[in-house]
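Listed below are the residues making up each chain.
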Amino acid sequence: MRTTVKYAGDQEEIRQISYIEKARKHVEALEEKLGRKPACCVTTFGCQMNARDSEKLTGILEQAGYVLTEEENADFVIFNTCTVRDNANQRVYGRLGHLNSLKKKNPHMKIALCGCMMQEKTVIEKIQKSYGFVDLIFGTHNIYKFAELLVQMFESDQMVIDIWEDTDQIVENLPIQRKYPFKSGINIMFGCNNFCSYCIVPYVRGRERSRNPEDIIREIRKLAEEGVVEVMLLGQNVNSYGKNLEKPMSFAQLLGEVEKIQGIKRIRFMTSHPKDLSDELIQVMKESKKICRHLHLPLQSGSTRILQAMNRRYTKEQYLALAEKIRKEIPDIAITTDIIVGFPGEEPGDVDETIDVVKKVQYDNAFTFIYSKRTGTPAAAMENQVPQEIVKEGFDRLLKVVQDTARQRVSLLEGQVQEALVEEVNEQEEGLVTGRLSNNTIVHFPGDAGLIGEIVPVYLEKCQGFYYIGKRWEP
Ligand code: SAH
Ligand code: SF4
Ligand code: F3S
């Protein structure tokens, strides 16, 4: 079945821009009362897509007249939440308790919650019951309405709640405030159709919707004009990009178009589902001068039996064959992954299988997670949940192998000269800057703030576990 995405189009954009003006009036009134510009603080709890949403919220808040701050003791605080694992939720509740005490001292303070966690009914009930001081709650599907919701919040003395179950709309062209001037994430698709049995994302982000390639290219061209050199194309499963567009297009074809954009020097993307990674993509990556030598290829488990229960739709052997093919075609690529330990029914022998894959693939980095039961997912209803002590034992065993292999892999570049994009001044050590190599490894080397955003050759002098100490290469 083909679903066509309805573009809300210019009309909705115009409506929202008029709400930004209205919100501005409220912010100006507050400014008068306070005798200074009101400050806002946007906190991101989740993944890169969540972070990109935060940039959209920040863009609107800035246009409405707020100044940005990292201080949580601000006049407007918004938590952009994540619910992929329970510890993300617990962090939100903990921080909300702190906000409550701040608000008691500053009664004019406004507090908003949005993001994936808000798509869960039980969460909303809990907030209504125990966190009545929250002023505004909205979800993942109506984030483009943020300006309108802000106005509603200012004009109401009760908690404003607006959650949609799903949407088929994509609203383009609203203001965005980027965190970094030289790199940016770009949504190429929203939602997910995969329904891995442990995962809540499809329930809180809705069905898969691809943006039109013209809109993506236009956005990246504009970013390049503004000085962005590195883009990260974002989607829960970028390999299925474009399948439900009116004029279908593959992800590899989209990459080919992005490659042509002048000024863009590096292209990254996240995340690739192994079941959909095509030979065409491997070839495009191999031939590209701009696509970074890094592939994040979530494994989740190395046991075919568990993979099947997870609904991942590949076997251990298929994954290994894919990784081998990628390594053969692109030998200098870094492969990273996500792994879950403690999925229902997992036994120590399954963890052994996972460890076997880690040893064979030789990941540059692997994010290991303890399985977290998400209400409403098929895995949550499985009866064979694994006791915590057993999970912990498997987790520690896996982590050790992951760290040993990553250390070995990362150190392979010692003594080489590689280009690094300088991202920031090193906070720990004065006189150093931090750069990122094409393969995503970090290098610290002498330099100053003037280098931020530049791509410079760096001699990788010494590997320190998972990163390098180097110096600028001047032949
Ligand atoms: N779309 C991406 C992943 C998004 S969530 C993909 O398919 O790879 C990021 C990671 O969180 C996942 O790769 C998975 O390893 C982990 N994760 C998701 N649900 C989880 C759960 N219920 N418990 C523990 N980890 C989970
Ligand atoms: Fe979750 Fe699977 Fe979709 Fe990734 S592909 S977001 S793990 S359901
Ligand atoms: Fe979390 Fe939502 Fe991302 S649940 S991982 S913020 S898509």
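Going by the structure above, here's the rest.
As a starting point, this report considers the structure included with it. The structure displayed is predicted, hence computed values, not measured ones.

Counted at 1.5 Å a residue, the expected span for helix 2 (residues 48–63) with its 16 residues is 22 Å, and the 23 Å between its end C-alpha atoms agrees. Among the residues of helix 2, M49, N50, R52, D53, S54, E55, L57, T58, G59, I60 and L61 are the ones counted as buried. Two residues or fewer after helix 2 comes G65, characterised by a positive phi angle close to 110 degrees.

The next point concerns the sheet that holds strand 6 (residues 136–138). Read from one edge of the open sheet, six strands run 3-2-4-5-6-7, paired in parallel fashion. Of all the strands in the sheet, the pair left with one neighbour each is strand 3 (67–68) and strand 7 (160–162). Here strand 6 runs beside strand 7; their pairing, made up of three bridges, is parallel. Looking at strand 7, one finds that L136 is bridged to V160. On top of the sheet, helix 5 (residues 146–154) reaches strand 4 (76–81), strand 5 (110–115), strand 6 and strand 7; it is set at about 150 degrees to strand 6, its chief contact.

You can see N237 is positioned in the loop between strand 12 (230–234) and helix 8 (251–259). Owing to a relative accessible area of 2%, N237 belongs among the buried residues under this scheme. When sequence neighbours within four positions are dropped, the list of residues in contact with N237 reads M189, N194, T271, H273, K275 and D276.

Here is what the cut-offs are and how they apply
Residues numbered from 1 in each chain as written. Chains lettered and ligands numbered in written order. Predicted model: local features only at pLDDT ≥ 70, side-chain atom pairs only at ≥ 80, totals over all residues. Heavy atoms only, no water. Helix = DSSP H or I, 4+ residues; strand = E, 2+ residues; numbered from the N terminus. Expected span 1.5 Å × (residues − 1). Buried < 20%, exposed > 50% of the residue type's maximum accessible area, 1.4 Å probe, protein only. Pairing = 2+ DSSP bridges. Contact = heavy atoms within 4.5 Å. Axes fitted to C-alpha atoms, helices over the stretch in contact; angles between N-to-C directions.

By themselves, these observations are geometric and do not establish any function.
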